[in-house]
Amino acid sequence: MRYFDYLTQEQETSLFHSLPITFDNNTRKELLANAVGAALYMPATRASVAEDILKLKSSGLVTVIIDLEDAIGDGEVDHAEQSIVRHLAFLAAYAENNTDGDNSLPLLFIRVRNPYQLQQLIFRLGSLISILTGFVFPKFTAENGVEYFEAIADYNSSRSYSAPVLYGMPILESAPIIYRESRLESLLAIRDLLGDYRDYVLNVRIGATDFSSLFGLRRSPDISIYDLTPIRDCISDIINIFGRVEEGYVISGPVWEYFTNKGHRVLRPQLRQTPFEDTYGKSEGRVMRNSYISSAIDGLIREVILDKENGIIGKTIIHPSHLRPVQAMYTVMHEEYVDALSIVESNDGSRGVLKSQYYNKMNEIKPHLNWAKRILLRSQIYGVLHEQQHFVGLLPENEYTHV
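Notes on the structure follow.

Criteria and cut-off values
- Residues numbered from 1 in each chain as written.
- Predicted model: local features only at pLDDT ≥ 70, side-chain atom pairs only at ≥ 80, totals over all residues.
- Heavy atoms only, no water.
- Helix = DSSP H or I, 4+ residues; strand = E, 2+ residues; numbered from the N terminus.
- Buried < 20%, exposed > 50% of the residue type's maximum accessible area, 1.4 Å probe, protein only.
- Core = buried A, V, L, I, M, F, W, Y, C linked by side-chain atoms within 4.5 Å.
- Contact = heavy atoms within 4.5 Å.
- Patch = residues over 30% accessible without salt bridge, like charges linked within 9 Å, V, L, I, M, F, W, Y side chains within 5 Å.
- Areas by Shrake-Rupley, 256 points an atom, 1.4 Å probe, with all protein chains shown as cover.
- Salt bridge = Lys/Arg side-chain N within 4 Å of Asp/Glu carboxyl O.
- Pairing = 2+ DSSP bridges.
- Axes fitted to C-alpha atoms, helices over the stretch in contact; angles between N-to-C directions.
- Phe/Tyr/Trp six-rings, centres within 6.5 Å; stacked < 30°, edge-to-face > 60°.
- Lys NZ or Arg CZ within 6 Å of the ring centre and 35° of its normal.
- Expected span 1.5 Å × (residues − 1).
- Arc of directions from axis to C-beta.

What follows deals with unusual backbone geometry. The phi torsion at Phe-4 lies on the positive side, around 65°, for a residue other than glycine. With respect to the helices and strands, the residue Phe-4 is situated in the segment before helix 1 (9-15). Even without being a glycine, Tyr-359 presents a positive backbone phi close to 55°. For Tyr-359, the position within the fold is in the loop between strand 10 (353-355) and strand 11 (362-364). Look at Tyr-359 and you get exposed, because its relative accessible area is 66%.

Okay, the nonpolar core next. Counting residues in hydrophobic clusters, the biggest one holds 122 residues, and the most contacted among them are Leu-88, Ile-110, Phe-135 and Phe-242. Apart from residues lying up to four places away in sequence, Phe-242 is in contact with Leu-172, Leu-187, Ile-190, Arg-191, Leu-194, Val-204, Glu-247, Tyr-249 and Ile-251.

Our focus in this paragraph is a nonpolar patch on the surface. Side chains of Tyr-179, Leu-214, Phe-215 and Leu-217 sit close together on the surface and give an oily, nonpolar patch of about 310 Å² of accessible area. Mapped onto the elements of the fold, Phe-215 is located in the loop between helix 9 (208-213) and helix 10 (229-242). For Phe-215, a relative accessible area of 36% translates into the label partly exposed.

Here the structure, examined in full by the defined rule, presents 24 salt bridges. For the salt bridge of Arg-183 with Asp-237, the shortest nitrogen-to-oxygen distance reads 2.8 Å. You can see Arg-183 sitting in helix 8 (residues 180-196) and its partner Asp-237 sitting in helix 10, a full 54 residues away along the chain. Owing to a relative accessible area of 30%, Asp-237 belongs among the partly exposed residues under this scheme.

This part takes up the sheet that holds strand 3 (residues 63-67). Adjacent strands of a sheet form backbone hydrogen bonds with each other and so pair up, either parallel or antiparallel. Strand order in this closed barrel of eight strands is 2-3-4-5-6-7-8-9, and the pairing throughout is parallel. Across this sheet, the average inter-strand angle for adjacent strands is 30°, counted without regard to direction. Strand direction decides the pairing type here: strand 7 (residues 204-206) and strand 8 (residues 251-256), joined by two bridges, are parallel. Looking at the pairing, Arg-205 lines up with Ser-252 of strand 8. In this fold helix 3 (residues 49-57) packs onto strand 2 (38-43), strand 3 and strand 4 (107-111), with an angle of close to 155° to the strand it touches most, strand 2.

Among the six residues that make up strand 6 (residues 167-172), six are buried, leaving the element largely enclosed by the rest of the structure. Every second residue of strand 6 is oriented toward a common face, with Tyr-167, Met-169 and Ile-171 on one face and Gly-168, Pro-170 and Leu-172 on the other, all of them buried. Relative to strand 6, strand 5 (residues 134-137) runs parallel, the two sharing four bridges. Residue pairing for strand 6: Gly-134 is matched across the bridge by Tyr-167. As defined by bridge partners, strand 6 adjoins strand 7 across two bridges and the pair is classed as parallel. Across the sheet, Leu-172 pairs through a bridge with Ile-206, a residue of strand 7.

Using the criterion set out here, one finds 16 aromatic pairs in the structure. The interplanar angle of 90° and the centroid separation of 5.3 Å between the aromatic rings of Phe-137 and Phe-149 together place this pair among those described as edge-to-face. One end of the pair, Phe-137, is in strand 5; the other, Phe-149, is in helix 6 (residues 142-158), and 12 residues separate them in sequence. Exposure remark for Phe-149: the relative accessible area of 0% places this residue in the buried category. Considering the side-chain rings of Tyr-179 and Phe-215, the 6.2 Å spacing of their centres and the 85° angle between planes classify their relative orientation as edge-to-face. Here Tyr-179 is found in the loop between helix 7 (175-178) and helix 8, whereas its partner Phe-215 is found in the loop between helix 9 and helix 10, with 36 residues between them in sequence. The class for Tyr-179 is partly exposed, based on a relative accessible area of 30%. Taken together, the ring pairs in this structure connect Tyr-3, Phe-4, Tyr-6, Phe-16, Phe-23, Tyr-330 and Tyr-382 into an aromatic cluster. When the ring centre of Tyr-6 is taken as reference, the NZ or CZ atom of Arg-324 above it lies at 3.9 Å.

Moving on, we get to helix 12 (residues 282-294). End to end, helix 12 covers 18 Å across 13 residues, agreeing with the expected 18 Å (1.5 Å per residue, within 8%). Those residues of helix 12 that sit buried are Gly-285, Met-288, Arg-289, Tyr-292 and Ile-293. For helix 12, the angular spread of buried residues about the axis comes to 140°, placing them on one side. Pointing more than 90 degrees away from the buried face of helix 12 are the exposed residues Ser-283 and Val-287. Looking at the buried positions of helix 12, the neighbouring elements they touch are helix 11 (274-280), helix 13 (297-309) and helix 14 (323-329).

Right, dumping it as structure tokens:
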């Protein structure tokens, strides 16, 4: 599997200075954690889940989370669990029998409801579990977290040598985390717990929809999650605890809920015309930009920019039209890459500061070293664009894919 593998060789040559690497669920954890990227949620009860995954794979789908929690009704759990087994059996057969040379599957996760369901599914799936990358744990706390990760640890201790590691991704979205009087204690307790199972923690995910619900809030398509002050303050503390370099966790950002904007905008869109016109021409570029604005994708792009600036890589998505915009935003610009490379290569004690090769900034070796290492890590997964290229070149020109 590789990001942007739907491009032709000519397009790859035109767009990329350095292509993304290939990976799968056996790839080392440091790279895999950054590769989760845009994770598309699908309700387990949808009859066409497996077919939809294979269909979207050719359009760039890399990560899927099959949902057994909020996306299904309480009365549908048994049916949903049966459906999970059918979906995975179909996908496993595809991976085993497809002979066209492209039998790789996206990174597959299941969001469970509770630790008991996790334990039962691990047993029930049997050998099918080897095509999963992991499970997602909703409303994660220090109290329920031990049971979740003990189930993961028990599986990994008994798995066959050839089977991939099974990972867990906790979602921070419960009341004790968002409420100020209990937040620090809750986050520190979770940090201590995750430290005990660090090898099996792939992402720390932020569930801002549940956070917002506790205050009766819902952001509009005109603004980002960072404009909701209670949520912003909580995200800030989550980054402060889990985003430190020494902690080594990849934090994934909240879901963007909108895939069309049928209302009247209040605020002016911030998506500039120039990149679209430069890439697709004046007429077609304007039409494309307007289609992104009318689909509320401009708000998604702005929020991903804010995610990245705060050290967050990865986002929960709920619609196929979000796939390519989010993925495109994670590519590394040529300027970022050469700055990061020069900083790392100059980290030999011979100097403390150097001028950017773009002659527009100062690069300090020690203060910018951790940033540079993160950029180079991301460049392996998402690639490096050519000097004159922009993420817009990776956006779909035609109507969005609907499933």
